[in-house]
Amino acid sequence: MSPPIAPVGWSRWLVPPAALSIHLSIGQAYAWSVFKPPLEDALGLSGTQSALPFQLGIVMLGLSAAFGGTLVERRGPRWAMTVALVCFSSGFLLSALGAATQQFWLIVLGYGFVGGIGLGIGYISPVSTLIKWFPDRPGMATGIAIMGFGGGALIASPWSAQMLESFGSDSKGIALAFLVHGLSYAVFMLLGVLLVRVPRPRTEEQRADGSPAAAAGPQVSARQALRTPQFWLLWVVLCMNVTAGIGILEKAAPMITDFFSDTSTPVSVTAAAGFVALLSAANMAGRIGWSSTSDLIGRKNIYRVYLGAGTLMYALIALVGDSSKPLFVLCALVILSFYGGGFATIPAYLKDLFGTYQVGAIHGRLLTAWSTAGVLGPLIVNWIADRQEEAGKDGADLYGTSLLIMMGLLVIGFVANELVRPVHPSHHLGDVTAQKGAPDVRQQQSESA
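Notes on the structure follow. Worth saying up front: this structure is predicted, and the values here are computed from it rather than measured.

The rules we used
Residues numbered from 1 in each chain as written. Predicted model: local features only at pLDDT ≥ 70, side-chain atom pairs only at ≥ 80, totals over all residues. Heavy atoms only, no water. Helix = DSSP H or I, 4+ residues; strand = E, 2+ residues; numbered from the N terminus. Expected span 1.5 Å × (residues − 1). Bend = angle between axes of the 7 residues up to and from the residue. Buried < 20%, exposed > 50% of the residue type's maximum accessible area, 1.4 Å probe, protein only. Patch = residues over 30% accessible without salt bridge, like charges linked within 9 Å, V, L, I, M, F, W, Y side chains within 5 Å. Areas by Shrake-Rupley, 256 points an atom, 1.4 Å probe, with all protein chains shown as cover. Salt bridge = Lys/Arg side-chain N within 4 Å of Asp/Glu carboxyl O. Lys, Arg positive; Asp, Glu negative; His and termini not counted. Charge placed at Lys NZ, Arg CZ, Asp CG, Glu CD. Phe/Tyr/Trp six-rings, centres within 6.5 Å; stacked < 30°, edge-to-face > 60°. Lys NZ or Arg CZ within 6 Å of the ring centre and 35° of its normal.

For helix H6 (residues 104–124), which comprises 21 residues, the first-to-last C-alpha distance of 29 Å matches the rise-based estimate of 30 Å (1.5 Å per residue) to within 8%. At Gly115, H6 shows its largest kink, close to 35°. Of all 21 residues in H6, 17 are buried, a share of seventy percent or more.

Next up, the structure:
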């Protein structure tokens, strides 16, 4: 499948909606916590077990993005979006079969493994293209698209809760909900496949529509980027920020219920689903808001905000979160906005350090940090909560230790961000080689732009 070249006069502002159709769909992953309690009741699972499909999905997201990044660059966004559509929708169909037959391993295989591949390929599918369409505002451009991934649960959470209420929360009702998800997302993702375009190859400084040409300057290949300390420092930064956010997100509905279970105003199932939707809104707003802010104040400074202020928010939840429902919700919303902002800002951070050449492939490799965090975050929160429950504790006491660990991880990320410096010239391809000189680079840019 050849990358579709934009005709003369094509508006670059049509590309973000194409990316959004993919990211809004695969962003359903953030609404997984809505399915956790019904699955636990219907199939007799523990909290740790019910997190497995989500955890494996995030692992496969990172691995498929890492191994498929170069292929996505070579074959273009339409091919990548098509693969994402097939895998993500097929994952739901397999999960529907698993729920209907009460075979949990099929749900793990479908949603986690097959659907996770769709997550990874779909997530990176528009990144390189957007950066090349918007070299003047890379933070804003990637934020618009990646905003969709954060906002997917804003749609999926109440939608899923309503389906479970209508179809029933037993295994048959869960199966039907999975089936509707798979078919609906396939149709919606197809819109992005049909709409996406790549820029026309050119050498002039201005595109036909007046947008600026891709930024010149030193460029670094994906293979060479792995040999730099900057790549691994950003890997640590992303991993720590994601681990701290994803631990709350995956356990969001049960967590707010537990925190206020012993109060005079306990949280209902419907309110808990609404809390998940609020977190999704904060996640989404942070992706466009904070990433756009990074275009003004710089990537390093914005990560200082994510990691430093995030530590403070966790401290407030740990100390007084169970005494004030508004404070708990506010702190969680801020943490999730930083979590989303970190995802949306990282492609622009990579572009600043490594250039636009193979930035999509570099981004894909960096997402292995997300795979690691996808295991660590839910494992820390669920495992500790299960152990505390076995020890006879309940309510907010289930999460005290987890919150302290998350604070420590954010401090580690803050230190790693402080150590980031410009990439040494020995790793550069060179301005002329990267932009104009070598035939293989020209071909790569025309294919993956």
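Below, the discussion takes up a negative patch on the surface. A cluster of acidic residues, Asp262, Asp322, Glu389, Asp394 and Asp397, forms a negative patch at the surface. In this structure Asp394 comes out as partly exposed when scored by relative accessible area, which is 43%.

Nonpolar side chains collect at one region of the surface, where Leu93, Phe167, Leu176, Leu179 and Leu183 lie side by side and expose about 390 Å² of accessible area between them. Ranked by the residues each element gives to the nonpolar patch, the list is headed by helix H9 (residues 171–195), at three residues. Looking at the secondary structure, you find Leu179 in helix H9.

Applying the stated rule across the entire model yields 26 aromatic pairs. With 5.8 Å between their ring centres and 85° between their planes, Trp159 and Tyr185 make a pair best called edge-to-face. With Trp159 in helix H8 (residues 138–167) and Tyr185 in helix H9, this residue pair connects regions lying 26 residues apart in the sequence. What makes Trp159 partly exposed here is its relative accessible area of 27%. Each residue in the set Trp32, Phe35, Phe88, Phe92, Tyr111, Trp159, Phe178 and Tyr185 is aromatic and connected to the rest through ring pairs, giving one cluster. Its guanidinium or amino end placed over the ring of Trp10, Arg197 lies 4.9 Å from that ring's centre, counting from NZ or CZ.

As a further point, take helix H13 (residues 269–297). Taking 1.5 Å of rise per residue, 29 residues should cover 42 Å, and H13 covers 41 Å from first to last C-alpha, within 8% of that figure. Maximum bend of H13: about 30°, positioned at Gly286. Looking one or two residues beyond H13, the residue adopting positive phi is Gly298, at roughly 100°.

Here we come to the environment of Leu278. By secondary structure assignment, the location of Leu278 is in helix H13. Of the residues examined, Leu278 reaches a relative accessible area of 44% and is grouped as partly exposed. Taking C-alpha positions, Leu278 is 9.7 Å from Ser157, a pair spaced 121 residues apart along the chain.

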